[in-house]
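Topology and contacts: notes
Take a look at the letters that make up each chain.
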Amino acid sequence: MEVKTSLLDNMIGVGDMVLLEPLSEESFIENLRNRFDHNEIYTYIGSVVISMNPYRSLPIFTPEKVEEYRNRNFYELSPHIYALADEAYRSLRDQDKDQCILITGESGAGKTEASKLVMSYVAAVCGKGQEVNKVKEQLLQSNPVLEAFGNAKTVRNDNSSRFGKYMDIEFDFKGDPLGGVISNYLLEKSRVVKQPRGERNFHIFYQLLSGASDDTLKKLKLDRDFSKYNYLSLDSASVTGLDDAACFRTVRNAMQIVGFMEDEVQSVLELVAAVLKLGNIEFKPESRVNGFDESRVKDKNDLKEMCELLGIEQSVLERAFSYRTVEAKMEKVSTTLNVSQAYYARDALAKNLYSRLFSWLVTRINESIKAQAKTRHKVMGVLDIYGFEIFEENSFEQFIINYCNEKLQQIFIELTLREEQEEYIREDIEWTNIEYFNNAVICDLIENNQNGILAMLDEECLRPGTVTDDTFLDKLNTICAEHQHFESRLSKNSKFLTDHSLPHSCFRIQHYAGKVLYRVEGFVDKNNDLLYRDLSQAMYKANHSLMKQIFPEGNPAKVNLKRPPTAGFQFKASVGTLMRNLLTKNPNYIRCIKPNDKKAAHIFTDTLVCHQVRYLGLMENVRVRRAGYAFRQMYEPCLERYKMLCKQTWPHWRGPTREGVEVLMTDLQISTEEFAYGRSKIFIRNPRTLFFLEEKRRGCLENLAALIQKIYRGWKCRKHFLLLKKSQVVVAAWYRRYAQQKKYQKIKSSTIVMQSFIRGWKARKILRELKYQKRCKEAVTTIAAYWHGTQARRELRRLKEEARRKHAIAVIWAYWLGLKVRREYRKFFRAHAGRKIYDFTIQRIMQKYFLNLKKTMPSMSPIDKKWPARPYQFMEGANTELRRIFYLWRCKKYRSQFTEDKKAVYEEKLEASEIFKDKKALYPSSVSQPFKGDYVEINKNPKYQKLNSAVEEKVLLADVVNKINRANGKGSSRIFLLTKNNFVLADQKTGQVKASVPLPDLTSVSVSTQNDGFFALKLKEGSASAAKGDFLLSSDHLIEIITKLHRAGTAMADREQININISDEFLVQFKQDKVCVKFVQGGPKNGNSAACKRKNNRLLEVSVPSP
Ligand SMILES: Nc1ncnc2c1ncn2[C@@H]1O[C@H](COP(=O)(O)OP(=O)(O)O)[C@@H](O)[C@H]1O
Ligand SMILES: [Mg+2]
């Protein structure tokens, strides 16, 4: 359901100034302030929107807001610029009425922003589609381009438009945009050459220098440094919050979207650069023979670069700065320019160049955004024009601007009144004349063709003879003396002779918005807007197509000796055109007000606002609007809004709405002067009446709300109660079901318990029965068994008794016999028969023992440990002794089988055991190896025949040993021979004897405790054999060699024993040195054998692998 709202809902202050009660300037401003403080920057005066500049972004321009205001009636929502834009757009689209939106206000009041908001709103709500979007984009993007070239930072506004702009947007019958036309008014071109303190030149200069690439700047012969250019004011070159470089990119992009060609953009930038260069051209005086001073260009570099940029011949331009040619009626007179005239000419050229460039830009944009289709267009014009200006010093520009504002005020009054009147006629209401101030007289003072100020100024400018600003003022003093809005000190009516607030060189005009004092200085010059023909011709000669286009009057073929129209004249003409254009359209007004001078948010300066309210004529506006009836409303919304105030109309009125309203008004007893019935609207004379209605409505709404609340609460309670009731039934049903279920379960389980008990009881009874029967059976069996047992035992006992008795009888019988025998034979027994029986018994036992021993004799093996056990304790000693004897005998028997050789072998083994057992780790592995003696078969091997014959004695041992080299511990093979008296070392290959040592010279043998085969043979000191030192050898048969050496040593009668020294460290005499041989357990480096290594002079280390 659509919610019907009204402007009157939730109002802060009053949303429409027409409703202000009482109406006074104070209450007006107070209302503005109140709304401004609550962020309500828009307020209506009827259909006029007052816009306060918030100087900060408010969240009221979102796409959601656009949607909110789209297709809603003007008074339906709180005041907004979108409401106005929507109203304008819809009446354009639906009622085919051309619209214009007039935005006025002083500099910085937010006009340009407002115009952009309107355009963006229209762009958002109008049709969509590729073509339409392109048009929209082009229209919107024309703004950044024009702003770059036409806006500048001023003390009032960082982005102040320095030109007036009127843009017609053209739509087709569907309301889709087709294109547009832009008109520009009076660019403030004096800014090009000079800027007031704290202000800047036009943005484009700064944007170009900051944003262009190095390459572009080089092409344009420019330097990035602002300070290099005379035309750029430096005190505010960079503006906070304004990124010139980024803006430059935006502008380039916008130009591209709008449709500028790349070479066009380049030409435009060249012209901008040329203006900067122009500013740097300076002049110096040069005296001439005729006594006059002539100007000369001081430093020609800038001139040269500028000429290069624009393709102008340098000499032509140089000449144009020094001479001026005046042509009159076929006559050409050339006069020289002095320095100040040269500067004047330079600045005039710069200003003209720039303003013409700007106009060209507008034309070029228009070309792009021109509507293509030739069908009838509907038009919405947006006028963003400078507001009324009152400065300390007001000059020609202010005069022109204020004139424009007078004209606007006039059409405002005219149109408002006309509209009001039209409405009255439309609604068939009687028209009452309205008192208001009509500023037509002021317009007339300025623009009248005979004696208007502008006409007078033109007359002065065109008049031959000396013309100055003062002659112009004199003229005004004469002609306008009687005008009630013109004031001057020397005016002919001498009214102001004593008015000291009026200086002599000034005149004052009472504009509708206040009095403004104009200083006449410069009026004539500015109106003339003179550019020496030599300069325009020089410009035309440039080899630059854009320059040619903008200086067409320089074309020598079209020399026009007529003076060009004056600035004032041109402006008046364009304002006239504009006004005629606006008059054909339905106007919509946006009145911008700036709340403070500081460009700051939240500050509201009463005096400043008051001033603006005055000169914008807003009070006037309200009065005009209220002159007849302050408020009007269509019958339908009116009835809808107030129907609750009367019983007949509440809640529904079935008849025509107008009658409904009439019934309502009569019922409310409102006096008939207070309102009038139009055709479709009711007109209310006083806001008081409206507020009375509103008040009543509010009260009524409260009651209605209470009623609705009451009914609703009742309904809600009942609903709740019914729900509870229904729920209660459900809950009860569920509960009963649950309780019954529980009960049933209980009965069921009890029954089962009882059943089981009964069944159990029955079963137990049967079980008991069965058990009893079983027990009976068992008892019978047991009793029978017992009975049989008893019987059997009784029989057994009887049998045993019988047997015992029989035995006893036998024993008794035997004893009795024995007794009888003994009694009979006692006389035959000898006294010591007992001893003999004993001996006999022993003898018999021994006999039996030995016989048994013979049968169980153990084997003859000496290692058989078996021996038969003794039968009786007393034979322990004899048995052990017999066992020992048998053992010895058996060993003897065993030994007796040995031959002499084998005996010797065992003797040797025995000796080896004595020497090494438990002393050297190598020993256990040698026990099982038989001692072979000759390992090299010395007798048989023909290789050793010679060696064999060299050794005369019997060879006890022959083996290959390793002789350890003293120097490095490496071994070399030798044959080791042992005889009874000597040992010999011979070469293994040849058998040649290397050393033969008689055993007596051998004092000791040293071996390690470990698993190695190293041994040292130590020789007696001083003996012949010891000359070369001791031998350190190693052999696989170490145990055998040492044992045999030892035996050989022991066998020699005249010799002490050879010492066997077993230790892991011993000394060996090598020639002179004693070397220590040390055995260490180390990791096996080369297999399992021990390795010998010479560590130093004194140490040979043998590493033996760990076992
Ligand atoms: N509706 C707005 N919301 C926020 N800031 C605004 C608004 N209107 C104006 N301003 C601020 O005020 C400055 C001046 O506005 P501008 O439209 O350029 O003034 P004018 O065109 O009247 O000289 C803008 O640059 C902007 O900072
Ligand atoms: Mg502006």
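Below you will find a few notes about this structure. Sequence order as written defines residue numbering, which begins from 1 separately in each chain. For this description, chains carry letters from A and ligands carry numbers from 1, given in the order in which they are written. The predicted nature of this model means local features are confined to residues of pLDDT at least 70 and side-chain atom pairs, given and counted, to a pLDDT of 80 or more, with totals for whole chains, interfaces and linings taken over all residues. Only hydrogens and water are set aside when side-chain values are computed; all heavy atoms of the structure are taken into account.

A word on unusual backbone geometry
- The step from Glu21 to Pro22 runs through a cis peptide bond, and the omega angle for that step is -5°.
- Note that Pro22 resides in the segment before α1 (25-37).
- A cis amide bond links Trp650 with the next residue in sequence, Pro651, at an omega value of 0°.
- Following the sequence through the fold, Pro651 ends up in the loop between α24 (635-642) and α25 (657-668).
- With phi around 65°, Asp918 is a residue other than glycine that occupies positive phi space.
- With respect to the helices, strands and loops of the structure, Asp918 is situated in the loop between α29 (900-916) and α30 (923-927).
- The rule is simple: take the accessible area with a 1.4 Å probe, protein chains only, and divide by the maximum for that residue type; under 20% is buried, over 50% is exposed, in between is partly exposed. Judged by relative accessible area, which is 75%, Asp918 ranks as exposed. Helix and strand labels come from DSSP, where a helix needs a run of H or I of at least four residues and a strand needs a run of E of at least two; each type is numbered from the N terminus.

Topic: the nonpolar core
- Among the buried residues, those of types Ala, Val, Leu, Ile, Met, Phe, Trp, Tyr and Cys that are joined through side-chain atoms within 4.5 Å form a nonpolar core. The biggest cluster of nonpolar side chains holds 213 residues, and the ones touching the most others in it are Phe28, Phe149 and Phe507.
- The element best represented in this core is helix α13 (residues 339-369), accounting for 15 residues.
- Note on contacts: a residue pair qualifies if any of its non-hydrogen atoms lie within 4.5 Å across the two residues. Sequence-distant contacts of Phe28, that is, excluding residues within four places in its chain, are made with Met17, Leu20, Ile45, Ile50, Val613, Leu618, Met619 and Val622.
- Membership of the second largest hydrophobic core comes to 32 residues, among which are Leu922, Leu957, Leu999 and Leu1038.

A short note on the coordination of the magnesium ion (ligand 2)
- Of the protein atoms, only Thr112 (OG1) and Ser161 (OG) coordinate the magnesium ion (ligand 2), at distances of 2.0 to 2.2 Å. In this pair, Thr112 sits in helix α4 (residues 111-125) while Ser161 sits in strand β5 (residues 160-161), placing the two residues 49 residues apart along the sequence.
- We classify Ser161 as buried; its relative accessible area is 16%. Water is absent from the atoms considered, so a metal site may look incomplete; donors are defined as N, O and S atoms within 2.8 Å of the metal, or 3.2 Å for Na, K and Ca.

Describing the pattern of salt bridges
- By definition, a salt bridge exists where a carboxyl oxygen of Asp or Glu is found within 4 Å of a side-chain nitrogen of Lys or Arg. For the structure shown, the criterion picks out 67 salt bridges.
- Linking Arg33 and Asp606 is a salt bridge whose minimum nitrogen-to-oxygen distance equals 3.0 Å. With a gap of 573 residues between them, Arg33 in helix α1 and Asp606 in helix α22 (residues 606-615) connect regions that are remote in the sequence.
- Note on Arg33: relative accessible area 24%, which makes it partly exposed.
- One salt bridge in this structure joins Lys475 and Glu459, with 2.8 Å as the shortest N-O distance. On the criterion of sequence distance, the pair formed by Lys475 in helix α17 (residues 469-479) and Glu459 in helix α16 (residues 453-462) is long-range, its members being 16 residues apart.
- Residue Lys475 is classed as buried on the basis of its relative accessible area of 16%.
- On the basis of relative accessible area, Glu459 is assigned to the partly exposed category, the value being 42%.

Re the sheet that holds strand β16 (residues 586-593)
- We treat two strands as partners when DSSP finds at least two bridges between them. If you trace the seven strands from one edge of the open sheet to the other, you get β1-β2-β16-β3-β12-β6-β7, paired in mixed fashion. Edge strands, defined here as strands with exactly one partner in the open sheet, are β1 (42-45) and β7 (177-185). Taking each pair of neighbouring strands and ignoring which way they run, the sheet shows an average axis angle of 20°.
- The pairing of strand β2 (residues 48-52) with β16 spans four bridges and is classified as parallel. Each axis is a line fitted through C-alpha atoms, taken for helices only over the stretch in contact, and angles between the N-to-C directions span 0 to 180 degrees.

Focus on the side chain of Asn477
- Structurally, the position occupied by Asn477 is in helix α17.
- Under the relative-accessibility criterion, Asn477 is labelled buried at 2%.
- Apart from the residues within four sequence positions on either side, Asn477 is in contact with Phe486, Ser488, Leu490, Ser491 and Lys492.

Thoughts on the site of ligand 1
- By convention in this text, a residue qualifies as near a molecule or strand provided that one of its non-hydrogen atoms is within 4 Å of it. Close to ligand 1 lie 15 residues, the nearest being Asn53, Gly108, Lys111, Thr112 and Glu113.
- Throughout this description, a polar contact denotes any pair of N or O atoms lying within 3.5 Å of each other; where both atoms belong to protein, one of them has to be capable of donating a hydrogen while the other can accept it, and for residues adjacent in sequence the pair is counted only when both atoms sit in side chains. With respect to ligand 1, the backbone of Gly108 contributes an N or O atom lying 2.7 Å from an oxygen atom.
- At a separation of 3.2 Å, an oxygen atom of ligand 1 approaches a polar backbone atom of Ala109.
- Values of accessible area rely on a 1.4 Å probe in the Shrake-Rupley scheme; residue burial ignores everything except the protein chains shown. Burial of ligand 1 by the protein chains amounts to 83% of its free accessible area of 550 Å².
- Under the grouping applied here, Gly and all other residues not named as nonpolar or charged are polar, the nonpolar ones being Ala, Val, Leu, Ile, Met, Phe, Trp, Tyr, Cys and Pro and the charged ones Asp, Glu, Lys and Arg. For the shell around ligand 1, the residue count by class is four nonpolar, seven polar and four charged.

Concerning the side chain of Glu264
- Within the secondary structure layout, Glu264 lies in helix α10 (residues 262-279).
- For Glu264, the side chain forms a polar contact with the side chain of Arg364, separated by 2.9 Å.
- Residue contacts for Glu264: discarding those within four places in its chain leaves Gly259, Trp360 and Arg364.

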